[in-house]
Amino acid sequence: MDVGGRQDDGSADIALIERWKGGDQRAAAEIVQRHAQALARFAASSGEREEIDELVQDTFVRAFNSLDSFRADSTLRTWLFTILRRLLLDRKRAEKRRRNQVELDEGHAVEAYDALDTLVADETAIQVRRAMERLSPLQKEVFVLRVTEGMAYGEIAKLVGSTEGACRVHYHNAMRSVKEFLDDA
Amino acid sequence: MMHDCADGQMRDLLPGYVNKTLSAEDHAAVDNHLATCDDCVAEIEVIEAAVRAFAAPQVNIAKIVKALPATPRSAKRSMFAGTAWRVAAAIGVVLIGAGSVFALRGFFVPAGTQTQTAAVAPAPAASATLATTEPVAPPAPVAAPIATAATTNAPAASSKHRGTTISFGGGLSDLSDAQLDALMSELDALDSIPSAEPETHLTPIVPMIPQADGGHHAQ
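Definitions and limits used
- Residues numbered from 1 in each chain as written.
- Chains lettered and ligands numbered in written order.
- Predicted model: local features only at pLDDT ≥ 70, side-chain atom pairs only at ≥ 80, totals over all residues.
- Heavy atoms only, no water.
- Phe/Tyr/Trp six-rings, centres within 6.5 Å; stacked < 30°, edge-to-face > 60°.
- Helix = DSSP H or I, 4+ residues; strand = E, 2+ residues; numbered from the N terminus.
- Buried < 20%, exposed > 50% of the residue type's maximum accessible area, 1.4 Å probe, protein only.
- Lys NZ or Arg CZ within 6 Å of the ring centre and 35° of its normal.
- Contact = heavy atoms within 4.5 Å.
- Buried area = accessible area lost by both parts, 1.4 Å probe.
- Salt bridge = Lys/Arg side-chain N within 4 Å of Asp/Glu carboxyl O.
- Polar contact = N/O pair within 3.5 Å; in protein donor to acceptor, adjacent residues only side chain to side chain.
- Nonpolar A, V, L, I, M, F, W, Y, C, P; charged D, E, K, R; others polar.

## Thoughts on the packing of aromatic side chains
Two aromatic rings, taken as a pair, are described by how far apart their centres are and by the angle between their planes. All names here are of chain A. Tallied over the entire structure, the rule returns 5 aromatic pairs over all chains. Relative to Y171, the ring of F143 has its centre 5.8 Å away and its plane inclined at 20°; by these criteria the two rings are stacked. With F143 in helix α7 (residues 137-149) and Y171 in helix α9 (residues 164-184), this residue pair connects regions lying 28 residues apart in the sequence. Each of the two residues, F143 as well as Y171, counts as buried. Aromatic rings pair up to connect F143, Y153 and Y171 into one cluster. The aromatic ring of Y171 is capped on one face by R146, whose charged end is 5.6 Å from the ring centroid.

## Things to note about the interface of chain A and chain B
Contact with chain A, which involves 54 residues of that partner, is made by 39 residues of chain B. Both sides of the chain A and chain B interface together cover about 4,100 Å² of buried area, and 64% of this is carbon and sulfur. In this structure, the connection of chain A to chain B is made through 6 salt bridges. Between K63 of chain B and E54 of chain A there is a salt bridge; the shortest N-O distance is 3.8 Å. The tally of links between chain A and chain B comes to 11 residue pairs in polar contact (both at pLDDT 80 or more). A per-element tally of the side of chain A that touches chain B places helix α2 (residues 25-45) of chain A first, with 11 residues. Class assignment of the residues belonging to the side of chain A that touches chain B gives a composition of 25 nonpolar, 15 polar and 14 charged.

Pasting the structure below:
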């Protein structure tokens with residue numbers, strides 16, 4: 001059973017896509033309006049500090065350029081997240097290569113985290129974010145998509161290329177880990 | 001110390017509850033459950049803190065929309081407009097080309113009108129006759145000696161080529177037996193190898209003597 005997911009089955013997006021294909025450019029604006037913020041949140045949660053705007057924009061441009069190939073096997077939202085996830089992975093790989101060439105500046109990394117902390121108003125949120133830094137990349141991804149987007153396990157499984165059951169386990173393990181971190185803090 | 005609620009199905013609804021994506025029925029069920037479950041209330045607080053922790057920066061929606069490709073229909077429309085121009089240009093080029101060819105072939109010339117057309121007819125062996133012909137027919141008789149130029153007003157052999165025709169002679173088959181014999185005799189009389197040294201013709205230099213009237217006189 002796939003419970004707790006979003007009630008929107010994507011039919012609104014399908015209608016907007018049809019309108020866009022019919023020549024209505026405003027439908028594109030509505031699609032962006034519906035998903036841009038969630039995509040930006042996902043990008044930020046995956047550790048992106050800068051150029052989130054560009055990442056989200058690239059995601060939409062790529063999606064609209066190949067919208068004809070979108071067969072609605074998954075929801076548009078899942079498809080958009082999948083595109084963004086690939087972009088993020090590409091950036092991480094490029095960053096890793098760059099870091100192999102340039103000595104890692106630890107001080108700079110600490111400054112980036114401190115700057116983010118000032119954006120988060122309350123101490124609990126800061127602690128949760130720090131707790132999530134201890135999760136595995138996949139646990140973190142599943143946890144973020146589940147708690148910040150309310151995605152169903154089935155949708156997350158499609159996005160990360162896993163199974164529904166495995167995503168459920170990842171989520172509960174992540175939640176337990178975060179709770180333990182907060183208890184110890 | 002935080003614990004996990006034993007009701008797994010209810011726990012699965014908590015993220016949707018925070019994100020307000022549950023149906024009204026599920027939302028009400030969670031509300032009722034939270035009234036009696038401290039573990040789920042604590043978990044709701046963790047979820048809400050996580051949502052706050054990853055509050056995304058505001059993205060520029062207008063900028064993103066501006067960067068999107070045109071709708072397929074408008075793209076097709078503009079593509080068709082471009083194609084129409086290309087087709088029109090191609091038709092124009094073909095018409096101009098066809099018109100040029102017809103003009104060169106004299107299709108647009110009224111019957112009887114003379115045009116200046118140059119044509120090169122096959123030359124008979126060893127004959128180099130330059131002939132200017134008016135509406136012409138059979139070639140001019142090749143009685144002319146070799147290496148001479150003649151201007152004739154003979155009728156053209158072909159009615160297709162009207163007007164002035166530059167010809168280097170007619171065909172051998174047009175010559176009579178007597179004319180051929182004469183031609184062959186002339187050819188036989190020619191040296192196969194020209195003289196190596198042309199004959200020298202010297203003009204003596206005569207000194208000039210000035211005269212009393214201011215002129216000069218040869219000595």
